[in-house]
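# Structure at a glance
Residue strings, one per chain:
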Amino acid sequence: MSRDSLNHVSSASHDLADDIVRRVANVVGEAEAATKPLELDPYRGQLFELFVMADAAGFVAEDAEIDLTADNLCRELAALWGLTEVTQDAMAAQSKIPPAQLGRLRALWSVLRLWMEWDYAWKRWEEFHPRQGS
C-alpha cells in the first residue's frame, strides 16, 4: 500500500491493510506448497476470514481510502510477486510466461474470483435475509 498518497489515513489502518495483503499472499503460498487449490479448505476459509477483516475495516467499499477491493488486492499481490513486470515483459517479447509465474497468475485469478464472489454476496445479504419485524 502506498503510504505517500494516503497520509491522512492512520498508520494502524495501513498496517492492517498491509497485514491482510501479506496474509493473503501467505495463504496462496501455503496452497501452492501443498499443491492444493485455493477453493478448498483450509485455504478458502482462511481467505474468507481475511475478506471479512478487510470488509469490517472498510477496505472493500468502493470509496475506501485504503482499497482492498478484488481488483486492487490482486494489483497489490501482482506487484508483491513481480507479476506485473513478468507479464509486461512476456507480452513485449511475445514469449510465454515462465511456469512458476503462470502458477501465480492462476492463483491470482482464483483470489480475484473468490474475493469478488464474497463481495457480491456480502452486499446482497440483506436483500435475501430481511430482518424479522421490519
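That block above? That's the structure.
This write-up is about the structure you can find in this document.

Reading the values: rules and limits
- Residues numbered from 1 in each chain as written.
- Predicted model: local features only at pLDDT ≥ 70, side-chain atom pairs only at ≥ 80, totals over all residues.
- Heavy atoms only, no water.
- Helix = DSSP H or I, 4+ residues; strand = E, 2+ residues; numbered from the N terminus.
- Contact = heavy atoms within 4.5 Å.
- Phe/Tyr/Trp six-rings, centres within 6.5 Å; stacked < 30°, edge-to-face > 60°.
- Buried < 20%, exposed > 50% of the residue type's maximum accessible area, 1.4 Å probe, protein only.
- Lys NZ or Arg CZ within 6 Å of the ring centre and 35° of its normal.
- Salt bridge = Lys/Arg side-chain N within 4 Å of Asp/Glu carboxyl O.
- Core = buried A, V, L, I, M, F, W, Y, C linked by side-chain atoms within 4.5 Å.
- 1 Å grid on protein atoms, 1.4 Å probe; cavity = no way out; pocket = protein on both sides within 12 Å on 5 of 7 lines; lining within 4 Å.
- Points joined across faces, edges and corners; volume = space filled by probe spheres on them.
- Nonpolar A, V, L, I, M, F, W, Y, C, P; charged D, E, K, R; others polar.
- Expected span 1.5 Å × (residues − 1).
- Axes fitted to C-alpha atoms, helices over the stretch in contact; angles between N-to-C directions.
- Parallel < 35°, antiparallel > 145°, perpendicular 65-115°, else oblique.
- Left-handed = near helix turned anticlockwise from the far one by under 90°.

Here we take up the environment of Arg44. Checked against the element boundaries, Arg44 lands in helix α2 (residues 43-56). Along the sequence, Arg44 and Ala31 sit 13 residues apart, while their C-alpha atoms lie 9.7 Å from each other. When neighbours within four sequence positions are excluded, Arg44 is seen to be in contact with Leu38, Glu39, Leu114 and Trp118.

The next thing to look at is the packing of aromatic side chains. As enumerated under the stated definition, the model contains six aromatic pairs in all. When the centroid spacing of 5.3 Å and the interplanar angle of 90° are considered together, the rings of Phe51 and Trp115 count as edge-to-face. One end of the pair, Phe51, is in helix α2; the other, Trp115, is in helix α5 (residues 99-128), with 64 residues separating them in the sequence. Residue class for Phe51 comes out buried when judged on its relative accessible area of 0%. Residue Trp115 is classed as buried on the basis of its relative accessible area, which comes to 1%. Within the aromatic cluster, the residues linked to one another by ring pairs are Phe48, Phe51, Trp115, Trp118 and Trp122. Sitting over the face of the ring of Trp81, Arg104 holds its NZ or CZ atom 4.4 Å from the ring centroid.

On to the pattern of salt bridges. A side chain with one charge may pair with a side chain of the opposite charge, provided their charged atoms come close. One pass over the structure, following the stated rule, counts six salt bridges. A salt bridge links Arg22 to Asp19, with the nearest nitrogen and oxygen atoms 2.1 Å apart. Here Arg22 and its partner Asp19 are both found in helix α1 (residues 11-33), three residues apart, which amounts to about one turn of the helix. Salt-bridge contacts for Lys123 lead to Asp119; the nearest nitrogen and oxygen are separated by 2.9 Å. A residue pair is termed a helical-turn pair when its members lie 3 or 4 positions apart in one helix, as Lys123 and Asp119 do in helix α5 at four residues. In this structure Asp119 comes out as buried when scored by relative accessible area, which is 16%. Connected through shared salt-bridge partners, Asp19, Arg22 and Arg23 make up one network.

Let us now look at the nonpolar core. Grouped burial of nonpolar side chains is what soluble globular proteins tend to show. Counting residues in hydrophobic clusters, the biggest one holds 33 residues, and the most contacted among them are Leu38, Leu77 and Trp115. When contributions to this core are tallied by element, the ones reaching two or more residues are α1, α2, α3 (70-81) and α5.

Here the largest pocket is characterised by a volume of approximately 220 Å³. In terms of lining residues, the largest pocket is bounded by eleven residues, among which Cys74, Arg75, Ala78, Leu105 and Leu108 are the most central. Looking at the lining of the largest pocket, the elements that each hand over two or more residues are α3, α4 (83-93) and α5. A class-by-class count of the residues in the lining of the largest pocket yields seven nonpolar, two polar and two charged.

Here α3 is twelve residues long and its end C-alpha atoms lie 16 Å apart, about the 16 Å a rise of 1.5 Å per residue gives. Just downstream of α3, Gly82 is the residue with a positive phi angle, here 75°.

Interaxial distance between α1 and α3 falls to 10 Å at its minimum, and their mutual angle equals 70°. The angle between α1 and α3 places the two elements in the roughly perpendicular class. Once α1 is placed against α3, the crossing between them reads as right-handed. Along the contact surface, α1 presents Val21, Val24, Ala25 and Val28, while α3 presents Leu73, Glu76, Leu77, Leu80 and Trp81. The residue makeup of the contact of α1 with α3, split by class, is eight nonpolar, no polar and one charged.

Geometric values such as these leave the question of function open.
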